[in-house]
Every structure is written in structure tokens, then in C-alpha cells.
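Residues per chain are reported as follows:
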Amino acid sequence: MKIEKYEFTKKNNYNIYLSNGEVITLNGRVITKNELLLKKEIDKELYSKLMHDNNVCEAFDAGVKYIAIRLRSIKEMRDYLFKKGYLVDVVNETIQNLINNGYLDDDRFTKAYIKDKLNFTTWGDYKIINELNRLGVSPIVVEDNKELLDKELLDSRMRKIIEKDIKTNKKYTGIKLKNKIYNHLITSGYSKEKVINIINSYNF
């Protein structure tokens, strides 16, 4: 198929008119990458490569926009691109390109995620870690960043919950009050170990 002409459309996209009557739309980066301006014909192999490269280019741009809202884990990005309808080979290449260009980094994501949840939510350590696991972050990466879960801050929050529960549940005493507070802290997302340790420092 011979290339008849190029026509700029929008956002760095070009319509390419072929001798068989077909019109394909390619991103300018794909045209440059494949040195298409120097070629007058497109064979089947090149055609397939152009379609693949263009899909990767579109997926990359979609991924960058997705990250612009907030940082994403690699799994979040992978799920998002699949949901957008991209095929496995396109998604895999796009993910690698995003990693290579510094847009995706699960370690950086984890640090930011923990900081945000500590600053802007009342989540406990267990819930934060559980959510990171759900988002596909490697257990090794999570473990490496556990030190960011400020123990003093978490203890302070738990003590506030305990003191409030003591004041608002005066009809409960002893083991009943202790169990009620225990359940409240667990449902608030704190780990059993931390909850037991702090509760045992109180006399009910």
C-alpha cells in the first residue's frame, strides 16, 4: 500500500491516506519512531507494527492522565488499562514504558499512600497495609515501608478512641467495656497486636 498523503487532525494525530482507500490515524510519535515520513509504502508487517505502536502510544497517554489524578500502583494501572480495552501485549509494553519513564514506582507509591492515609484519614495500620496488599504492592515493598507507620501517631489515635469510648459507654465496665473498645479499634483498622498492647495498658 502506498502512502498518498498525510493530514494533521488534532493532538499530534495524523490521518494517513493509503492507495487502497484506507485512512489510518496515527500519533506523531509513532510516525517518527517508525520513520514513516521517509517511506512511501506500508507492507503488512509494518502495518501491524504501526497499529500496535499506536495502541501503546494511546495507552501510555491514558496512563499518564490516570496518574495525574494521583499516584497509582502497578496493579491499579494494569487493571485500568485492561478496563479501557487494551490487549495484554499492549498493556505489558505500556506498563514497562511507564516504569522506565518514572511514572510508575510501587515503592514511591507506597510511601505516598501511607503518608496520605496517616494525614488525611483515621485508618489504622492494619487497614493501610491491607489496602496496599489489595492494590497489588509486593509484600517486600510493604515491609520495607512499615517504619513509616508512625507508632506514636497511631498510639495517640487509639488512646483517643479508648478515652472517648470510656466516657460514652459508662454503663459498661470490666471485660464488657474492654471487649467493646477492642472491637471498635479492630473495626477502625488497627492491628490486633497493637490493639491488645494498648488495651492492656488500661485498667477497666
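Everything that follows concerns the structure shown earlier in this document.
A few points on the structure.

Thoughts on the pairing of strand S2 (residues 13-18)
Turning to step 1, where the next piece is worked out: Looking at chain direction, strand S1 (residues 3-8) and S2 are connected through five bridges and run antiparallel. Bridge pairing links Phe8 to Tyr14 in S2.
Turning to step 2, where the next piece is worked out: As consecutive antiparallel partners, S1 and S2 are separated by four residues, and within that stretch Lys11 has a phi angle of approximately 50°, a positive value.
Turning to step 3, where the next piece is worked out: Note that S2 and strand S3 (residues 23-27) share five bridges and pair antiparallel. Of the residues in S3, the one forming a bridge with Ile16 is Ile24.
Turning to step 4, where the next piece is worked out: The turn linking S2 back onto S3 is made up of four residues, and Gly21 within it adopts a positive phi angle of 95°.

Concerning the nonpolar core
As a rule of thumb, soluble globular proteins bury nonpolar side chains together.
Turning to step 1, where the next piece is worked out: Of all hydrophobic cores here, the largest spans 25 residues; its most connected members are Ile128, Leu132 and Leu185.
Turning to step 2, where the next piece is worked out: With near-sequence residues (within four places) excluded, Ile128 lies in contact with Tyr113, Ile114, Lys117, Leu118, Trp123 and Leu149.
Turning to step 3, where the next piece is worked out: Among the nonpolar cores identified, the runner-up in size contains 13 residues, and Met77, Tyr86, Ile95 and Leu104 belong to it.

Remarks on the side chain of Arg72
Turning to step 1, where the next piece is worked out: Secondary-structure assignment places Arg72 in the loop between helix H2 (44-69) and helix H3 (74-83).
Turning to step 2, where the next piece is worked out: Residue class for Arg72 comes out buried when judged on its relative accessible area of 8%.
Turning to step 3, where the next piece is worked out: A polar contact of 3.2 Å, which involves the side chain of Arg72, links it to the backbone oxygen of Tyr66.
Turning to step 4, where the next piece is worked out: A distance of 3.5 Å separates the side chain of Arg72 from the backbone oxygen of Arg70, its partner in a polar contact.
Turning to step 5, where the next piece is worked out: Sequence-distant contacts of Arg72, defined by excluding residues within four places in its chain, comprise Tyr66, Ile67, Leu104 and Phe109.

Looking at the side chain of Arg157
Turning to step 1, where the next piece is worked out: Checked against the element boundaries, Arg157 lands in helix H8 (residues 151-168).
Turning to step 2, where the next piece is worked out: Despite being buried, Arg157 has no salt bridge partner; Asp150 is the closest side chain of opposite charge, sitting 9.1 Å away.
Turning to step 3, where the next piece is worked out: Apart from residues lying up to four places away in sequence, Arg157 is in contact with Lys117, Leu118, Asn119, Thr121, Thr122, Trp123 and Tyr190.

Examining the packing of helix H5 (residues 106-120) against H8
Turning to step 1, where the next piece is worked out: Two elements in contact, H5 and H8, have axes whose closest approach is 11 Å; the angle formed by their N-to-C orientations is 30°. Considering their axes alone, H5 and H8 lie roughly parallel with respect to each other. Both H5 and H8 take part in a crossing whose hand is left-handed. In this structure, H5 uses Lys117, Leu118 and Asn119 to contact H8, whose residues at the interface are Leu153, Leu154 and Arg157.

What to know about unusual backbone geometry
Turning to step 1, where the next piece is worked out: Not every positive phi belongs to a glycine, and Lys11 is a case in point at roughly 50°.
Turning to step 2, where the next piece is worked out: Examined against the element boundaries, Lys11 turns out to sit in the loop between S1 and S2.

Let's talk about the pattern of salt bridges
Turning to step 1, where the next piece is worked out: Scanning all chains against the criterion turns up twelve salt bridges.
Turning to step 2, where the next piece is worked out: Taking the shortest distance from any N to any O, the salt bridge between Lys33 and Asp53 comes out at 3.6 Å. Of this pair, Lys33 sits in helix H1 (residues 28-33) while Asp53 sits in helix H2, placing them 20 residues apart in sequence.
Turning to step 3, where the next piece is worked out: Relative accessible area serves as the criterion here: at 51%, Lys33 is assigned to the exposed category.
Turning to step 4, where the next piece is worked out: Look at Asp53 and you get buried, because its relative accessible area is 7%.
Turning to step 5, where the next piece is worked out: Between Asp155 and Lys151 there is a salt bridge whose closest N-O contact spans 2.8 Å. In this pair, Asp155 and Lys151 both sit in helix H8, four residues apart, roughly one turn of the helix.
Turning to step 6, where the next piece is worked out: We classify Asp155 as buried; its relative accessible area is 18%.

The rules behind the values
Per chain, the residues get numbers from 1 upward, laid out in the order the sequence is written. Residue-level local features of this predicted model are given only where pLDDT is at least 70; pairs of side-chain atoms are given and counted only at 80 or more, and the full residue set underlies all totals for whole chains, interfaces and linings. Neither water nor hydrogens contribute to the side-chain values; these are computed over all heavy atoms in the structure. Pairing between strands requires that DSSP locate at least two bridges from one strand to the other. The secondary structure listing takes helices from DSSP runs of H or I that are at least 4 residues long and strands from runs of E that are at least 2 residues long, numbered from the N terminus. Take the buried Ala, Val, Leu, Ile, Met, Phe, Trp, Tyr and Cys residues and link them wherever side-chain atoms come within 4.5 Å; each set so joined is a nonpolar core. The classification of residues rests on relative accessible area computed with a 1.4 Å probe and restricted to protein chains. Under 20% of the type maximum is buried, over 50% is exposed, and intermediate values are partly exposed. By definition, residues are in contact when any of their heavy atoms lie within 4.5 Å. Two N or O atoms count as a polar contact when they lie within 3.5 Å, although within protein this holds only if one can serve as hydrogen donor and the other as acceptor, and sequence-adjacent residues are included solely when both atoms are side-chain atoms. Counting rule for charge: Lys and Arg are taken as positive, Asp and Glu as negative, and neither His nor the chain ends is counted. By definition, a salt bridge exists where a carboxyl oxygen of Asp or Glu is found within 4 Å of a side-chain nitrogen of Lys or Arg. Think of each axis as a best-fit line through the C-alpha atoms, taken over the contacting stretch in the case of a helix, with angles from 0 to 180 degrees between the N-to-C directions. Between 65 and 115 degrees an angle is taken as roughly perpendicular, under 35 as roughly parallel, over 145 as roughly antiparallel, and anywhere else as oblique. Here is the rule for handedness: rotate from the far helix to the near one, and if that takes an anticlockwise turn smaller than a right angle the crossing is left-handed, while a clockwise turn gives right-handed.

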